[in-house]
4 protein chains.
Amino acid sequence: MKTTILINCPDQPGIVCAVTGFIHSNGGNIIYLDQHVDKQADVFFMRLESDFDTSKFSLSAFKIEFEKALSQPYQMKWRLYSDEVRPKMALFVSKYNHCLYDLLTRYKSGELKVNIPFIVSNHPDLSYIADQFGIPFHHIIVTKETKAAAEQEQLALLKRYNIDFVVLARYMQIISSNFIKHYPNKIINIHHSFLPAFAGAKPYHAAFERGVKIIGATSHYVTEDLDAGPIIEQDVTTVTHAHSIKDFITKGRDLEKIVLSRAVRLHVEGKTMVYNNKTVIFT
Amino acid sequence: MKTTILINCPDQPGIVCAVTGFIHSNGGNIIYLDQHVDKQADVFFMRLESDFDTSKFSLSAFKIEFEKALSQPYQMKWRLYSDEVRPKMALFVSKYNHCLYDLLTRYKSGELKVNIPFIVSNHPDLSYIADQFGIPFHHIIVTKETKAAAEQEQLALLKRYNIDFVVLARYMQIISSNFIKHYPNKIINIHHSFLPAFAGAKPYHAAFERGVKIIGATSHYVTEDLDAGPIIEQDVTTVTHAHSIKDFITKGRDLEKIVLSRAVRLHVEGKTMVYNNKTVIFT
Amino acid sequence: MKTTILINCPDQPGIVCAVTGFIHSNGGNIIYLDQHVDKQADVFFMRLESDFDTSKFSLSAFKIEFEKALSQPYQMKWRLYSDEVRPKMALFVSKYNHCLYDLLTRYKSGELKVNIPFIVSNHPDLSYIADQFGIPFHHIIVTKETKAAAEQEQLALLKRYNIDFVVLARYMQIISSNFIKHYPNKIINIHHSFLPAFAGAKPYHAAFERGVKIIGATSHYVTEDLDAGPIIEQDVTTVTHAHSIKDFITKGRDLEKIVLSRAVRLHVEGKTMVYNNKTVIFT
Amino acid sequence: MKTTILINCPDQPGIVCAVTGFIHSNGGNIIYLDQHVDKQADVFFMRLESDFDTSKFSLSAFKIEFEKALSQPYQMKWRLYSDEVRPKMALFVSKYNHCLYDLLTRYKSGELKVNIPFIVSNHPDLSYIADQFGIPFHHIIVTKETKAAAEQEQLALLKRYNIDFVVLARYMQIISSNFIKHYPNKIINIHHSFLPAFAGAKPYHAAFERGVKIIGATSHYVTEDLDAGPIIEQDVTTVTHAHSIKDFITKGRDLEKIVLSRAVRLHVEGKTMVYNNKTVIFT
C-alpha cells in the first residue's frame, strides 16, 4: 500500500531523522521525500511517500502510533492519504464549458483519480455535458434574493455525498464566508488573470485596457477575500497590440483549463499545503 | 539608404494603397510593411521599411513631398528614421549594475546601434563601469531638497548633448512631471514586477508575500502616473515556495536586464508607437 | 462579406500597392494585411482580409478579375476564403483520446469553425467519444497486409464527403506517399517531440534516455519524409530528473492537444502558407 | 559553517534516516534536503545542506567519520563542499563576447562565487574584456597542427592554478578525449541549439533551414561524444518565418548567456550530479 503523509510543525533539528526512522522501523520503504522550511515563519513542511507491505501493515495502528510517537512531541499537523481511496470532488459551473470539459475528459481517461458524484450550476446551459459524461446535474438558481437558500441547498448536496473538495470551474458567483468555512482550503477556483493583477470582474477587459504584453490565469484556494486566497498554480501567454479582447478570451481559455486542471491534480495527489495564505507545492 | 517610416492617422479605406504607391513612385522598394488598426479608437498604424537608391534620392525633398501628398490629406502623425543616423541615448543608474552592464556590453558589441554620451547616477558606486567602458559618468546627488536642482542639472546635460531618449536602468528615483514633459514617450524604465501587479516600491517583497508562482519584469515609457505608462515589453519566470526573497531578486535580475534591453532595442529600431497609453510594437 | 486572400509570387517592387489598389477599387475595405518576403528564395507572401458590401459584390466576378489583373501579371499562386464557407475536416485517431477530446470540445463550442463529417480509427476504442458528440465513427482496421486496401477505403470516405483537410489526432500509423499526394499540405499531424529532435517512434522514451530538461510537441503538415514536413506550431514544457517517462507522457499530453488545436485553427483560418518545406504563419 | 554534501549510492531502505541521524548526532542542523531515486538504475541521490557550530566542529574529523559510518556501509560516492572555499574556474573563449561578458559581470557583482585566475583564447579579439575586468588573458593559438601542443599548454595552465573546472564560453574548438579525461564532468559547454536537435556546427543555420518555430540553447558537461554530454540546463525562445538567420543569432545570444550562466551557477553551488550520462539537478 502506498501512503502519502503531509506534515507541518514548528521547525527544530531532528525532524527528518525522526520521521524517516519511524517509517523505516514500521516496515515502510520511502519512495519520495521532500521538505521545506519557511524561515520567516519557522515552520517545517514535509511530504513523504512510503510503500508498506499490506500483509504486515495496519493503517489504523500506524496512525495511532504516528500520533503518539511523532505528532504530539513535534506538535505536528498532518494528513495521510492512501492510494486506495479516491477523493470525492464536486464541480460548480456556470455557462463556460472549457474547464468543465477539460476536467471531465481527464476524469474519463483515468488521469484524474477522483469520484465526481455531481455537477452544480446556476444555469442550465451545460447540462448537455453532464449528460455526455453520465454525471448528475443539479441546476440551482442563484439570485441576490435566493443566494442564501441556494447555498444551503448546495451545502446539503455536498454533505449528502461526503464531498471532499469543490472545484469552481468558471462558476461565476462569489462564495459566501459561511460556505467557505465548511470547506477551508478545499474550494479551488480559477481566475482568468495573472493575480494579483486584475482581480475581480472582467480581467481580460482590464488587461486589454492596460495594454499588457502577457496575460495569465491563476488557480487558488478560495478564502473570504475575493481572488486573494493561496495561489496553487499560475501560467501565462504572450499577447500583442494586434489581439482584441476576444482574442484574449480565446487564448485565455487554454490557460484557464490547463492551470485549473494542474491545480486540481496537485490537490488530489496531496501535493499542496497551505500556511499563512500561501501554498507549499511539492512536485 | 534604408528608411523606416512610422505612421498613425484616423482609419479610412485606401491608406495602405496610397502610401505604398507613393513609395513606389518615388523609387523606393518596400522591404517590410506591417500595419494595425485599433478598432476601438479607429486609428490606423503602419511601419514601413524601404530601400532607396541614394544616388537618385533626396531625403529632404522626400519629406516635403510626403507631408504634402500623404500626411496632410490623411491627417497623419509620422516619423522617419534613416539607418545613417544613430540616436543619442542617456543612461540613468543608481547602484544596481546588471542592467547597465547588459546595455553597455550590447552597445560595445554593436548590437545596440546608439551613441551613449554619458551616464548619470545619484550614487558614485557604478563609476567603475563607466570607466571600464570609457563613458563619462556624472554623479548628480538627489535628495528631497536638491531634487529640483538635480533635475535641472540633468536636463541641462541632456540638452547639451542633444539626447534623443533616456533609459532608466534601475535608476531608483521618481522622475518629476516637469522632467517627463521634455521627453514624452522618450524615457524608458524597467520595473521589477509583472505590471500592473506590484507597482511601486519593493515588488519582489510584495510578490513573495503574496505567494505568487511566477514573477516578472516590465519595461514601459515613463508617464506622470508611477509605473502606469505604456508597456513596451514584459517577461516572466517561474518561482516556487522554496525560493526566498533573495532568490526572487537574483532570478529577477536576469529578467530585468533582458526585458529592458529588448525594449531599448525596439525603441531604437523605430518599432514602437504610443497611443492611448498603450503601445503598438512592430516586430 | 469577409474574404481572406493568400498570395505568393516572385518578389518585385509594387505588389502591395497593386493588390491594395485592386481591393480598394473593387469596393473592399482592408481589415488586415500582413506580408513577408523570403529573401533567400526571393518570394513574396501576403495575407489580406477585406470586407465587401455583399449587395454590390460578386465573388465570382471578383475572382475572374483578380486572376486577370493580378495573378497573371505577377505570377501569383493564390487562394481565397470566404467566412461563409466552413471547411470540412476528417479526424483520424487510434487509442489516445486527449487530442480528439480537445478538438471536439472546441468544435462543439463553436471555437473551431469546421464541419466534421466523420472520425476514422484503426481501433474501436474511441467510438464512445464519437457517440458522445454524435459524429459517425468508421473503424477501418490497418495491418501490414490490409494497409493499401484500408487507405483506399479511407480515401473513398474522404472523397465521398468532399473533405478539405485531414487531422491526425495521434493516429499511430504512417501515411503512404500515395495517400499524401491526394492531400498535399492538407494533412496535419501532431508529433510528441520538439522536432527535429526525437523523430520517429517513442519520442518520450528517447527524451528521457537523453536526459533533456525540456520536452515539446510539434504540429506539421505530413509529407513523404516521416516527421519532416513543414512545421506549423511547436511548444515546450520543462521537465526534471524527477520526472519519469510516465510523467513525460502526462505532461506531454497537454502540449500535444494545445499545439495540435492551435495548428488546426491556423489552417482553418487561412493563416498558413507552405514554401520550400517551411511555413509562413500569419497571426 | 555551512556544508553541502552530495551523495549517490545503490538504493536501499533507511539511507535518509541514517544520513540525517548522523548529521544530527554530529551537532549539525539540516537546512535543506533533497533526494531522488533513479528507479531504472536503482540509484539513490541526495543533497544535504547543514549548518555546524564551527566552535565545536572539526571538518576533517567529520569527513573521516562520515567515510566510516556511512560511505563504506552504503557504498556511497560523495562530495562535500564548504561555503568557505571558492572553486577556481578557467574560462575558454574564441571571438564571441556575450557569454564572457555575462559571466564576468556576475563574477564582478559577487553573484558567481568563484575565482577566475585566467582566460584562455585561441584568438586575441577578446583580450580587451580581460583588461576591462583585470584578468590575465592567455592567447594560445590552435591549428590542426598545433592542437596537441596547445592543449598541453592549456593543461599546464590549469594545473599550475589548481583549476577546479573549465567553462567553454563559446570556445569554438573541439576538446580532445585526452583533455576531457583530466576534467571529467568538470568542463561546461554551451551549445546554441536545443539539443539533441542540431548538434554540431552552425545550428542556427540548420534550425532556419528546417523552419522550426522555437530555438534553444543547451549547457552540458563535455564528454567524448560531441554535444552529447549530460545536459545541465536548457531554455528556448520562439521564432517566426519573419526572423532571418541573423535574428536567430541575435535572439540566441540572450539564451546562450543566460543558460550558460545558470549552468555554471548550478555547478558552483554543488547542485549537479552526473549518472549514466544524465544529470540530477537539485534546485
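About the thresholds
- Residues numbered from 1 in each chain as written.
- Chains lettered and ligands numbered in written order.
- Predicted model: local features only at pLDDT ≥ 70, side-chain atom pairs only at ≥ 80, totals over all residues.
- Heavy atoms only, no water.
- Helix = DSSP H or I, 4+ residues; strand = E, 2+ residues; numbered from the N terminus.
- Rg over C-alpha atoms; globule rule 2.2 N^0.38 Å.
- Areas by Shrake-Rupley, 256 points an atom, 1.4 Å probe, with all protein chains shown as cover.
- Least-squares fit on C-alpha atoms with pLDDT ≥ 70 in both.
- Contact = heavy atoms within 4.5 Å.
- Domains from an automatic or database assignment.
- Buried area = accessible area lost by both parts, 1.4 Å probe.
- Salt bridge = Lys/Arg side-chain N within 4 Å of Asp/Glu carboxyl O.
- Buried < 20%, exposed > 50% of the residue type's maximum accessible area, 1.4 Å probe, protein only.
- Nonpolar A, V, L, I, M, F, W, Y, C, P; charged D, E, K, R; others polar.
- Polar contact = N/O pair within 3.5 Å; in protein donor to acceptor, adjacent residues only side chain to side chain.
- Pairing = 2+ DSSP bridges.
- Expected span 1.5 Å × (residues − 1).
- Bend = angle between axes of the 7 residues up to and from the residue.
- Phe/Tyr/Trp six-rings, centres within 6.5 Å; stacked < 30°, edge-to-face > 60°.
- Lys NZ or Arg CZ within 6 Å of the ring centre and 35° of its normal.
- Axes fitted to C-alpha atoms, helices over the stretch in contact; angles between N-to-C directions.

Now for the overall build of chain A. When its secondary structure is counted, chain A shows eight helices and 13 strands. Taken over the C-alpha trace, chain A has a radius of gyration of 21 Å; the compact-globule value for 283 residues is 19 Å, and the two agree within 12%. With respect to the three principal axes, the spread of C-alpha positions in chain A is 60 × 40 × 35 Å. With an accessible surface of roughly 11,500 Å², chain A has 51% of that area assigned to carbon and sulfur atoms.

Once that is clear, we can look at the relation of the copies chain D and chain C. Screw-axis analysis of chain D against chain C gives a translation of 0.0 Å along the axis, an RMSD of 0.0 Å, and a rotation angle of 180 degrees. Such a turn and shift between the copies fits a two-fold axis. Minimal C-alpha separation from the rotation axis in chain D is found for Ala 197 of chain D, amounting to 2.3 Å. When the interface residues of chain D are mapped onto chain C, 100% of them are again interface residues, pointing to one common binding face.

On to the domain arrangement of chain A, then. Residues and elements named next belong to chain A. In terms of domain boundaries, chain A breaks down into domain 1 (2-82) and domain 2 (89-281). Put simply, the middle of domain 1 and the middle of domain 2, counted by C-alpha atoms, are 31 Å apart. Contact with domain 1, which involves twelve residues of that partner, is made by eight residues of domain 2. Here domain 1 and domain 2 share an interface that buries about 860 Å² over both sides, 64% of which is from carbon and sulfur atoms. Taken as a group, Leu 6, Phe 45 and Arg 47 account for 44% of the area that domain 1 buries against domain 2, more than any other trio of residues on that side.

Turning our attention to the pattern of salt bridges. Between side chains of opposite charge, pairing is possible as soon as their charged atoms come close. Per the stated rule, a full pass over the model turns up 64 salt bridges over all chains. One salt bridge in this structure joins Glu 49 of chain B and Lys 2 of chain B, with 3.7 Å as the shortest N-O distance. A residue pair is termed long-range when its members are at least 10 positions apart, and Glu 49 of chain B in strand S3 (residues 43-51) and Lys 2 of chain B in strand S1 (residues 2-10) qualify at 47 residues. The class of Lys 2 of chain B is partly exposed, set by a relative accessible area of 32%. With a shortest N-O distance of 2.7 Å, Arg 170 of chain C and Glu 256 of chain C are connected by a salt bridge. Taken together, the residues Arg 170 of chain C in the loop between strand S8 (165-168) and helix H6 (177-182) and Glu 256 of chain C in helix H8 (residues 245-268) connect sequence positions 86 residues apart. For the pair shown, Arg 170 of chain C and Glu 256 of chain C are each scored as buried. Residues joined by salt bridges that share partners form a network here, namely Asp 102, Arg 106, Glu 111, Arg 265, Glu 269 and Lys 271 of chain A together with Arg 253, Asp 254 and Lys 257 of chain C.

Once that is clear, we can look at the interface of chain D and chain C. How large an interface is tends to be reported as the accessible area lost when its parts come together. The partner chain C presents 32 residues to the 32 residues of chain D that form the contact. Both faces combined, the contact of chain D with chain C buries some 2,600 Å², and carbon together with sulfur accounts for 61% of it. For chain D, the biggest contributors to the area lost against chain C are Arg 210, Lys 213 and His 241 of chain D; these three give 27% of the whole. Viewed at the interface, chain C and chain D are joined by zero salt bridges. At six residues, the largest contribution of residues to the side of chain D that touches chain C is made by strand S11 (residues 231-238) of chain D. Class assignment of the residues belonging to the side of chain D that touches chain C gives a composition of 17 nonpolar, eight polar and seven charged.

The next point concerns the interface of chain A and chain B. Between chain A and chain B, the residue contacts involve 32 residues of the former and 32 residues of the latter. Across the chain A/chain B interface, buried area totals approximately 2,600 Å², and carbon plus sulfur atoms make up 61% of it. Area buried by chain A at its contact with chain B is led by Arg 210, Lys 213 and His 241 of chain A, which between them contribute 27% of it. In this assembly, chain A and chain B are joined by zero salt bridges. Between the two partners, chain A and chain B, sit 16 residue pairs in polar contact (both at pLDDT 80 or more).

What follows is about the relation of the copies chain A and chain B. After a rotation of 180 degrees and a shift along the axis of 0.0 Å, chain A superposes on chain B with an RMSD of 0.0 Å. Interface residue correspondence from chain A to chain B reaches 100%, placing this contact among same-surface, isologous pairings.

What follows is about the pairing of strand S8 (residues 165-168) of chain A. Residue and element names in this part refer to chain A. Neither face of S8 is left uncovered, since the one carrying Phe 165 and Val 167 and the one carrying Val 166 and Leu 168 both have all their residues buried. Summarising the sheet, strand S5 (residues 89-93) and S8 pair through four bridges and their orientation is parallel. What sits directly across from Ala 90, in S8, is Val 166. Two strands pair when backbone bridges link them, and S8 and strand S9 (residues 187-191) are joined in this way by three bridges, in the parallel orientation. From the neighbouring strand, Val 166 faces S9, where its bridge partner is Ile 187.

Residues and elements named next belong to chain B. In a regular helix each residue adds 1.5 Å, so 16 residues correspond to 22 Å; helix H2 (residues 59-74) covers 21 Å between its end C-alpha atoms and thus fits that length. Within H2, the axis deviates most sharply at Glu 67, by approximately 40 degrees. Along H2, the residues classified as buried are Phe 62, Phe 66, Leu 70, Ser 71 and Tyr 74. Turning to H2, the residues buried within the fold contact S1, helix H1 (15-25) and strand S4 (77-82). Immediately beyond the C-terminal end of H2, within one or two residues, lies Gln 75, with a positive phi of roughly 50 degrees.

Each neighbour pair has its own omega, and for Leu 195 of chain B with Pro 196 of chain B the value is 10 degrees, a cis peptide bond. Relative to the helices and strands, Pro 196 of chain B resides in the loop between strand S9 (187-191) and helix H7 (203-210). The phi dihedral of Asn 276 of chain B is positive, around 50 degrees, even though this residue is not glycine. Asn 276 of chain B sits in the exposed class, given a relative accessible area of 55%. For Asn 185 of chain D, which is not glycine, the phi torsion reads 55 degrees and is therefore positive.

So, on to the packing of aromatic side chains. Summed over the entire model, instances satisfying the criterion amount to 62 aromatic pairs over all chains. On the basis of an interplanar angle of 75 degrees and a centroid distance of 5.7 Å, the ring pair of Phe 208 of chain A and Phe 248 of chain A is categorised as edge-to-face. With Phe 208 of chain A in helix H7 (residues 203-210) and Phe 248 of chain A in helix H8 (residues 245-268), this pair connects stretches of sequence that are 40 residues apart. Across this residue pair, the class does not change: Phe 208 of chain A and Phe 248 of chain A are buried. By way of ring pairs, the aromatic residues Phe 22, Phe 52, Phe 57, Phe 62, Phe 66 and Trp 78 of chain A are connected into one cluster. The side chain of Lys 278 of chain B reaches across the aromatic face of Phe 208 of chain A, ending 3.6 Å from its centre.

Right, let's talk about the sheet that holds S5 of chain A for a bit. Neighbouring strands of a sheet are bound in pairs by backbone hydrogen bonds; such pairs are parallel or else antiparallel. Residues and elements named next belong to chain A. With mixed pairing, the seven strands of this open sheet are ordered in space as S7-S6-S5-S8-S9-S10-S11. In this open sheet, the two edge strands, each paired with only one partner strand, are strand S7 (137-139) and strand S11 (231-238). Strand-to-strand twist in this sheet, taken as the mean axis angle between neighbours without regard to direction, amounts to 20 degrees. Contacting S5, strand S6 (119-121), S8 and S9, helix H3 (residues 98-109) runs over the sheet at an angle of about 155 degrees to S5. Against the sheet, H8 makes contact with S5, S8, S9, strand S10 (214-221) and S11, and its axis sits at roughly 155 degrees relative to S11, the strand it touches most.

Take the sheet that holds strand S10 (residues 214-221) of chain B next. Residues and elements named next belong to chain B. Reading across from one edge, S7-S6-S5-S8-S9-S10-S11 is the order of the seven strands in this open sheet, with mixed pairing throughout. In this open sheet, the two strands that pair with only one neighbour each are strand S7 (137-139) and strand S11 (231-238). The sheet shows a mean angle of 20 degrees between the axes of neighbouring strands, direction not considered. Two strands pair when backbone bridges link them, and strand S6 (residues 119-121) and S7 are joined in this way by three bridges, in the parallel orientation. Within S7, the position partnered with Val 120 by the bridge is His 138. Sheet strands in contact with helix H5 (residues 147-160) are strand S5 (89-93), S6, S7 and strand S8 (165-168), and its direction is about 155 degrees off that of S5. Contacts from helix H8 (residues 245-268) reach S5, S8, S9, S10 and S11, with the element oriented near 155 degrees to S11.

For the rest of this paragraph, the subject is the pairing of strand S11 (residues 231-238) of chain C. Residue and element names in this part refer to chain C. Here S11 lies mainly inside the structure; six of its eight residues are buried. Sheet analysis places strand S10 (residues 214-221) next to S11, joined by seven bridges and oriented antiparallel. Within S11, the residue paired with Thr 218 across the bridge is Gln 234.

Let's shift gears to the side chain of His 98 of chain D. All names here are of chain D. In this structure, His 98 sits in helix H3 (residues 98-109). Of note is the side chain of His 98, whose polar atom sits 2.6 Å from the side chain of Glu 256. Other than its neighbours up to four places away in sequence, His 98 contacts Arg 170, Arg 253, Glu 256 and Lys 257.

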